[in-house]
Amino acid sequence: MTPSFPRSAATPHATGIAAFLNRPLGAALALLVFAVLVRARDFGNPVAHVDEQYYLLVGDRILHGARLYIDLWDRKPPGLFLLFAGFRLLPGDGFLAYQLVGTACVAATGWLIWLAARRMALAWPAGLAAGAAYILWLPLLSGGSGQSPVFYNLAMMAAAVLTLDLPRLAERRAVGAIMVSGVIACLLAGIAIQIKYTPLVEGAFFGLAHLWYLWRARAGLVPVLMAALLWMAMGLLPTALVVLHFRLNGTASFDAFWFANFTSITLRRGYPAAKIVGRLAGIGGQLLPLIACAVLAWRKGPGPVGLTLTRIWLGFALVAFAMIGAFFDHYALPLIAPLCLAAAPAFAMGRKPLIAVSVIGAGLFALHAATNDPSEGDGIRRMARAMAAVDGRECPYVFAGDSSLYHLSGGCVPTAYAFPSSLAYEAERGAIGIDETAEVARILRRRPPAIVTLDDPFSPWNAATNALIAGALARDYRQVMAVPREGRHELLYVRRDRLVLLPK
């Protein structure tokens, strides 16, 4: 006998709050309020994460004519920077704008998790708990503001909802509906690929699942082969348009794009094994409550067909997570949506799993909040004002620290490699396509009015470039400000011939 999961059958008798949360609008509003409460702490914070502040800088400078990969360099696909350029069209300096849009995307993704759970006939509290768990767990893995999966997880979850509906469509032999579903799901994955390339793996799962159920719907061999070609084309279409754009812009533009997006990652140096093990242990520890619930649901039995598809999706997401190999905590953000959905049946088994996950999640969130101080952004804003006061229309240089200082100070950027780790850290040595030491020497010959660095690096220094900076600071600069940053201090040095009036 196949074990069964608790289901939601007698919903007509639900009243009050339960009836409200059992409706799509009620669940959406509840999850939106929860997302705002969880994420409001970082609203307006210019240093929520080193990655997204750089995305905003690049997006802003693109609007002012900067050429991506030539004037400002990074490995991410163009779609991510176009997204952040769009945020700069909204009022304000961009930080609150992308964080509010991110919050809306997170709430919408949580709602799609709720919808998927309801379609698997799970009781509304289980679906709501799974959606809320997604929202709560993102900040634990550096997803509390605007990391790229905050935005593209929405597209992937929408594709997953379409995929989970395939068994029903195949049973009805709705060949046309499966064809349309495949087009939409693969196009959504294609859009996600232009925000980050790793969704390619999950997109492959969505395409293969659609092919399987198209075959189950008794479509002929020719329609299945045509669908495979069409869906692959939809998945590759956004990237193909980007490649065409850079090709039409000339050889220099295309070569810069190709190297940044597809070659440089193979040149990046690995991290020490101990650091990798530590990162994996940290990620596993954070996700352990959700993993335990997913395992509990798996031991209970196979459950609905949609749950089996969710587990396969999770497997593909794990492959994507392992592909890059650096295992930063935010690389695990795409795992959270399928993991929460795989855990949802455990939330329907009784109060114990639900209470345990809620209590542990709240405790982890409180611990995270205690060790991450958003007020550090105030110090960075003060430092940016000091930089603006001394720049004299010359370019300051952030060797190590926060690239948001360029954006907040309005200063020009002295190098295309403005993401600090590109020139400052050993892991990038030889991986960005230039001689890092020569580039730093070139910047220093222009005598930046201000230089920013750290008293303790987040990763091992590039010894050669750090030595150049240390020498220049000792000869020509004086330290005028230090602000706390994640257990370290970010240091502002000003050239000795500049008068400094520090803003309050």
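Structure shown above.
As a starting point, this report considers the structure included with it. Every value quoted in this text rests on a predicted model; they were computed, and no experiment measured them.

This part covers the overall build of the protein. Helices and strands together make up the secondary structure of the protein, namely 21 helices and four strands. In summary, the protein has a C-alpha radius of gyration of 24 Å against a globular reference of 23 Å for 504 residues, a match within 12%. Taken along its principal axes, the extent of the C-alpha atoms in the protein is 80 × 50 × 45 Å. Each of the 504 residues in the protein was classed as buried or not, and the buried ones make up 54%. As displayed, the protein offers around 21,300 Å² of accessible surface, 66% of which is attributable to carbon and sulfur atoms. In the protein, the 44 positive side-chain charges and the 29 negative ones have mean positions that sit 9 Å from each other.

Let us look at helix H17 (residues 376–390). Over its 15 residues, H17 extends 22 Å from the first C-alpha to the last, a length consistent with the 21 Å expected when each residue adds 1.5 Å. Where H17 is concerned, the buried positions are Glu376, Gly377, Gly379, Ile380, Met383, Ala384, Ala386, Met387 and Val390. Considering only its buried residues, H17 is in contact with strand E1 (397–398), helix H18 (404–409), strand E2 (450–454), strand E3 (477–485) and strand E4 (488–495). Two residues or fewer after H17 comes Gly392, characterised by a positive phi angle close to 55 degrees.

The N-to-C vectors of helix H2 (residues 24–39) and helix H5 (residues 95–119) enclose an angle of 135 degrees; their axes lie 8 Å apart at closest approach. One finds that H2 runs oblique with respect to H5. In the crossing of H2 with H5, the sense of the turn from one axis to the other is right-handed. Here H2 contributes Pro24, Ala27, Ala28, Leu31, Leu32, Ala35, Val36 and Arg39 to the contact with H5, which in turn contributes Thr103, Val106, Ala107, Gly110, Trp111 and Trp114. Here the residues of the contact of H2 with H5 sort into eleven nonpolar, two polar and one charged.

This part takes up the state of the cysteines. For the structure on display, the rule yields one disulfide. Between the sulfur atoms of Cys395 and its disulfide partner Cys412 the distance amounts to 1.9 Å. The chirality of the disulfide connecting Cys395 with Cys412 is left-handed, given an S-S dihedral of about -120 degrees. With Cys395 in the loop between H17 and E1 and Cys412 in the loop between H18 and helix H19 (421–424), this residue pair connects regions lying 17 residues apart in the sequence. Counting only cysteine sulfurs, Cys340 is the nearest neighbor of Cys105, a cysteine outside any disulfide, at a range of 17 Å. Not engaged in a disulfide, the cysteine Cys293 finds its nearest cysteine sulfur in Cys340; these two sulfurs lie 9.6 Å apart. For Cys293, a relative accessible area of 6% gives the class buried.

Residue position: Leu287 is located in helix H13 (residues 273–300). For Leu287 and Leu339, which are 52 residues apart along the polypeptide, the C-alpha to C-alpha distance reads 8.8 Å. With sequence-adjacent residues up to four places away left out, Leu287 is seen in contact with Trp137, Leu141, Leu335, Ile336 and Leu339.

Scanning all chains against the criterion turns up 29 aromatic pairs. When the centroid spacing of 5.3 Å and the interplanar angle of 45 degrees are considered together, the rings of Tyr197 and Phe262 count as tilted. In this pair, Tyr197 is assigned in the loop between helix H9 (175–193) and helix H10 (199–216) and Phe262 in helix H12 (residues 251–263), connecting sequence segments 65 residues apart. Judged by relative accessible area, Phe262 falls into the partly exposed class, the value being 30%.

Mapped onto the elements of the fold, Arg61 is located in helix H3 (residues 50–63). On the accessibility criterion, Arg61 (16% relative accessible area) is buried. Discounting residues that sit within four places of it in the chain, Arg61 has contacts with Ala66, Leu72, Tyr406, His407, Gly410, Gly411, Cys412 and Val413.

Take the pattern of salt bridges next. Evaluation of the coordinates by the stated rule reveals 20 salt bridges. The salt bridge involving Arg67 is made with Asp71; its shortest N-O contact spans 3.0 Å. Residue Asp71 is classed as partly exposed on the basis of its relative accessible area of 29%. A salt bridge links Asp165 to Arg168; the shortest N-O distance between them is 2.6 Å. We classify Asp165 as buried; its relative accessible area is 15%. A cluster of three or more residues bridged by salt bridges with shared partners is formed by Glu376, Asp402, Arg485, Glu486 and Glu490.

This next bit is on the sheet that holds E2. Taking strand neighbours across the sheet as the criterion, the four strands line up as E1-E2-E4-E3 in an open arrangement whose pairing is mixed. Each having just a single partner strand, E1 and E3 make up the two edges of the open sheet. As defined by bridge partners, E2 adjoins E4 across five bridges and the pair is classed as antiparallel. If you follow Leu454 over to E4, its bridge partner there is Glu490.

Membership of the largest hydrophobic core comes to 156 residues, with the highest contact counts inside it found for Tyr134, Trp137, Met157, Leu287, Ile336, Tyr397 and Leu492. Examining the composition of this core, we find that twelve residues originate from one element, helix H15 (residues 333–347), more than from any other.

Let us look at the pairing of E4. Burial runs high along E4: seven of the eight residues are buried. Where E3 and E4 come together, eight bridges link them in antiparallel fashion. Directly across from Val483, in E4, lies its bridge partner Glu490. Taking the residues that link successive antiparallel strands as the turn, the E3-E4 hairpin has two residues, and the phi of Glu486 there is positive, at about 50 degrees.

Before going further, it helps to spend a moment on the environment of Ile62. With respect to the helices and strands, the residue Ile62 is situated in helix H3. For the pair Ile62 and Leu72, spaced ten residues apart in sequence, the C-alpha to C-alpha distance is 8.9 Å. Leaving out residues up to four positions away in the same chain, Ile62 has contacts with Leu68 and Phe81.

One non-glycine residue, Arg447, lies in positive phi territory at about 50 degrees. Note that Arg447 resides in the loop between helix H20 (436–445) and E2. In this model, Glu486 sits at a positive phi of 50 degrees, which is unusual for a non-glycine residue.

Conventions we followed
Residues numbered from 1 in each chain as written. Predicted model: local features only at pLDDT ≥ 70, side-chain atom pairs only at ≥ 80, totals over all residues. Heavy atoms only, no water. Helix = DSSP H or I, 4+ residues; strand = E, 2+ residues; numbered from the N terminus. Rg over C-alpha atoms; globule rule 2.2 N^0.38 Å. Buried < 20%, exposed > 50% of the residue type's maximum accessible area, 1.4 Å probe, protein only. Areas by Shrake-Rupley, 256 points an atom, 1.4 Å probe, with all protein chains shown as cover. Lys, Arg positive; Asp, Glu negative; His and termini not counted. Charge placed at Lys NZ, Arg CZ, Asp CG, Glu CD. Expected span 1.5 Å × (residues − 1). Contact = heavy atoms within 4.5 Å. Axes fitted to C-alpha atoms, helices over the stretch in contact; angles between N-to-C directions. Parallel < 35°, antiparallel > 145°, perpendicular 65-115°, else oblique. Left-handed = near helix turned anticlockwise from the far one by under 90°. Nonpolar A, V, L, I, M, F, W, Y, C, P; charged D, E, K, R; others polar. Disulfide = S-S within 2.5 Å. Phe/Tyr/Trp six-rings, centres within 6.5 Å; stacked < 30°, edge-to-face > 60°. Salt bridge = Lys/Arg side-chain N within 4 Å of Asp/Glu carboxyl O. Pairing = 2+ DSSP bridges. Core = buried A, V, L, I, M, F, W, Y, C linked by side-chain atoms within 4.5 Å.

Structural measurements only, silent on function.
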